[in-house]
Amino acid sequence: MFDWTAFETAIVEASQAAIDKWFAKYPKQHPYAIAFHELYCELDGPIVIPSLGINSIEKQKYGEGTDQENYKWSPGDWHWTSILPERSPLAKLEKSLTVEACGGSQAHWNKTKKHFDKVLLSVTKQLYQKYSKHPQVTDDFVVYIDDDEYGLDLIKRCVPARLYKKHFDGLDKPNLSKLSSEERLAVYIKDIWSYEKEILAMGANAIPALIKKLDDPQDGWAAAGTLAEIGQPTEAVISALRKHARTKGGTGELSANALHLLGDVEFLYGLLHSEELLHQAVDGILQGLKVGASDRKVQLPLDYSHAERLLAMNSPAIEARVIEELKPGGSFIDPKPSDISELIRGLNSAHVVIRQHAACIAGDRALGKAVSKTLLPALVEKLTDPVPNVRRLALLALSYWKSDAAPYHAEMKKLQKDKDAQVREYAYAVFDR
């Protein structure tokens, strides 16, 4: 049983020791904020104890032309981004936390992560209680957690209401409720990245403004991506995206990707003759195998036929780009249970790059036990693939299935005697975790 009380106490004590050391070292500095930041975790993987930053009013001045208010509350840009020692006693606890999180189902991992979040929030409040009256801190001193995923909503839970209103209210989105829908859209379009959810909620009503925004040299790429997310391939949308897909650059690349996601892949094959546009055309054609395809509300089915068609063209330039786009470590699609037949077909492809891609995405145990009964035996077959990297990736994919892969441990351990040194190394590593 993981001792959460001891874990929380250890984080509090390590943080206080680091803060006390900082105060002793910089007696003339007056901090206005302390923040946990650089939060990182991986489902079925590590949960990292974040960095602890501190900044003073003396160090909050930034170069000319910078957005000082945003920099003031961005711990990654502070003078002291991390005051916890590199050899912190928390390192051992962090490893224990990961072992605890990964010791069961994905539901257990998620439960552990939620408990960790509660602990970190509690630690943050304890640090505020201890240091808000310290003689060196400013009168409006705060302690908070800076996390991109939860943003100001999380900070609101860390900081007293009066201090949130003073420091962070201006960073929140303005109240646009009194504006008409047309007026709100005009505001949204100026900052697509911040208002993506609001734009998507407007659906077809936002399409004309987004098409016009494609011409913006700065934000046209964001408009193309949002059109793909809305998912309405009208004649006007396809025509506009085709126009921009014929141009090189960010908007052209995102337009090519959007065309695939909206079902207009054939147009992209017509761009392959252009040496200048070949890369973005190939990238667009392969978009269905990359993360953007599985992030959408209406997901595309896994389909290796486009990769096979490109490789069959016997073009060294096209083949090189396919290999680059589908190399292990890329941001690939998350398969669904309905994709298993195509996934297994990919594992048995004549093309190494496709077998590697299939092995990379086959380690998602969220697919469930029913799928594992078909998928894991297919992965075991790849442990004897003639290509060492395919064997290595199949081994890793099996290891991610944890206890579901136990019946295949004997086959996996055989790779500890593989003729390839890297395969042998991984075969030992997966059983040492």
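Residues numbered from 1 in each chain as written. Predicted model: local features only at pLDDT ≥ 70, side-chain atom pairs only at ≥ 80, totals over all residues. Heavy atoms only, no water.

A.B. asks: I'm lost on the packing of helix α19 (residues 352-361) against helix α21 (residues 388-400) in this one. Help?
C.D. replies: Pairs of packed helices are described in terms of their axes, by the angle between the two and the distance that separates them. Axis separation between α19 and α21 bottoms out at 8 Å; the angle between their running directions is 15°. Between α19 and α21, the angle falls in the class roughly parallel. α19 and α21 meet at a crossing whose hand is left-handed. Across the interface between the two elements, V352, R355, Q356, A359 and C360 of α19 pack against N389, V390, L393, A394 and A397 of α21. (Axes fitted to C-alpha atoms, helices over the stretch in contact; angles between N-to-C directions. Helix = DSSP H or I, 4+ residues; strand = E, 2+ residues; numbered from the N terminus. Parallel < 35°, antiparallel > 145°, perpendicular 65-115°, else oblique. Left-handed = near helix turned anticlockwise from the far one by under 90°. Contact = heavy atoms within 4.5 Å.)

A.B. asks: I would appreciate a short explanation of the environment of S331 in the present structure.
C.D. replies: Within the secondary structure layout, S331 lies in the loop between α17 (316-325) and α18 (340-347). On a C-alpha basis, the gap between S331 and L176 in space is 36 Å, while along the polypeptide they are 155 residues apart. Residue contacts for S331: discarding those within four places in its chain leaves K290 and V291.

A.B. asks: Mind showing me how you'd approach the side chain of S15 here?
C.D. replies: Counting through the fold element by element, S15 comes out in helix α1 (residues 4-25). A relative accessible area of 0% places S15 in the buried class. S15 has contacts with F36, L52, L84 and L127, leaving out every residue within four places of it along the chain. (Buried < 20%, exposed > 50% of the residue type's maximum accessible area, 1.4 Å probe, protein only.)

A.B. asks: Sorry, what's going on with the sheet that holds strand β1 (residues 31-37) here?
C.D. replies: For sheets, the rule is that strands pair by backbone hydrogen bonds, running either parallel or antiparallel. With mixed pairing, the 3 strands of this open sheet are ordered in space as β4-β1-β5. On the outer flanks of this sheet lie β4 (51-56) and β5 (142-145), each paired with one strand and no other. Going across the sheet, the axis of each strand differs from the next one's by a mean of 15°, ignoring polarity. (Pairing = 2+ DSSP bridges.)

A.B. asks: It is not clear to me how helix α5 (residues 151-158) should be interpreted in this structure. Could you clarify?
C.D. replies: For an α-helix the count is 3.6 residues per turn, leaving residues at separations of three or four pointing the same way. By the burial criterion, the buried members of α5 are L154, I155 and C158. Each buried residue of α5 lies within a common arc of 100° when the element is viewed along its axis, so the set occupies one face. What points out from α5, more than 90 degrees from its buried face, is the exposed set D153 and R157. Of the surrounding elements, those touching the buried residues of α5 are α4 (106-131), β5 and α6 (161-167). (Arc of directions from axis to C-beta.)

A.B. asks: Help me out: how do you make sense of the side chain of T138 in this one?
C.D. replies: By the element assignment, T138 lies in the loop between α4 and β5. A polar contact of 2.9 Å, which involves the side chain of T138, links it to the side chain of D140. When residues no more than four places from it in sequence are discounted, the contact partners of T138 are H30, P31, Y32 and I57. (Polar contact = N/O pair within 3.5 Å; in protein donor to acceptor, adjacent residues only side chain to side chain.)

A.B. asks: Is there a simple way to think about the pairing of β5 in this case?
C.D. replies: Each regular strand shows side chains that alternate between the opposite faces of the sheet. By the alternation rule, side chains of β5 split into V142 and Y144 and V143 and I145, which are all buried. Taken together, the 4 bridges between β1 and β5 define a ladder with parallel strand orientation. Bridged to F36 within β5 is I145.

A.B. asks: Which parts of the structure should I look at to understand the environment of D140?
C.D. replies: One can find D140 in the loop between α4 and β5. Residues D140 and K166, 26 residues apart in the sequence, show an inter-C-alpha distance of 8.5 Å. Ignoring any residue separated from it by four or fewer positions in sequence, one finds D140 in contact with Y32, L163, K166 and H167.

A.B. asks: How do you make sense of the environment of A6 when you look at a structure like this?
C.D. replies: Within the secondary structure, A6 sits in helix α1. Expressed as a C-alpha distance, the spacing of A6 and L93, which sit 87 residues apart in the sequence, is 9.7 Å.

A.B. asks: Would you mind going over the packing of aromatic side chains with me for this structure?
C.D. replies: A ring pair, where both rings are aromatic, is described by two values, the distance of the centres and the angle of the planes. A full pass over the atoms with the stated rule returns 19 aromatic pairs. Taking the centre distance of 6.2 Å and the plane angle of 55° together, the rings of F7 and F116 count as tilted. You can see F7 sitting in helix α1 and its partner F116 sitting in helix α4, a full 109 residues away along the chain. For F7, a relative accessible area of 0% gives the class buried. Joined through ring pairs, the aromatic side chains of Y32, W73, W78, Y144, Y164 and F168 make up one cluster. Sitting over the face of the ring of Y131, K130 holds its NZ or CZ atom 5.6 Å from the ring centroid. (Phe/Tyr/Trp six-rings, centres within 6.5 Å; stacked < 30°, edge-to-face > 60°. Lys NZ or Arg CZ within 6 Å of the ring centre and 35° of its normal.)

A.B. asks: I keep staring at helix α10 (residues 220-230) and nothing clicks. Help me out?
C.D. replies: The buried count for α10 comes to 8 of 11 residues, which makes it a mostly enclosed element. For α10, every residue scored as buried is listed here: G220, A222, A223, A224, T226, L227, A228 and I230. Elements that come into contact with the buried residues of α10 comprise α8 (196-202), α9 (207-213), α11 (235-245) and α12 (250-261). Looking one or two residues beyond α10, the residue adopting positive phi is G231, at roughly 75°.

A.B. asks: How should I be thinking about the state of the cysteines in this particular structure?
C.D. replies: Formally, a disulfide is one covalent bond, and it connects the sulfur atom of one cysteine to the sulfur atom of another. Counted by the stated rule, this structure contains 0 disulfides. Not engaged in a disulfide, the cysteine C41 finds its nearest cysteine sulfur in C102; these two sulfurs lie 10 Å apart. Residue classification places C41 among the partly exposed positions, given a relative accessible area of 31%. C102 provides the cysteine sulfur closest to C360, a residue in no disulfide bond, and the two sulfurs are 19 Å apart. (Disulfide = S-S within 2.5 Å.)

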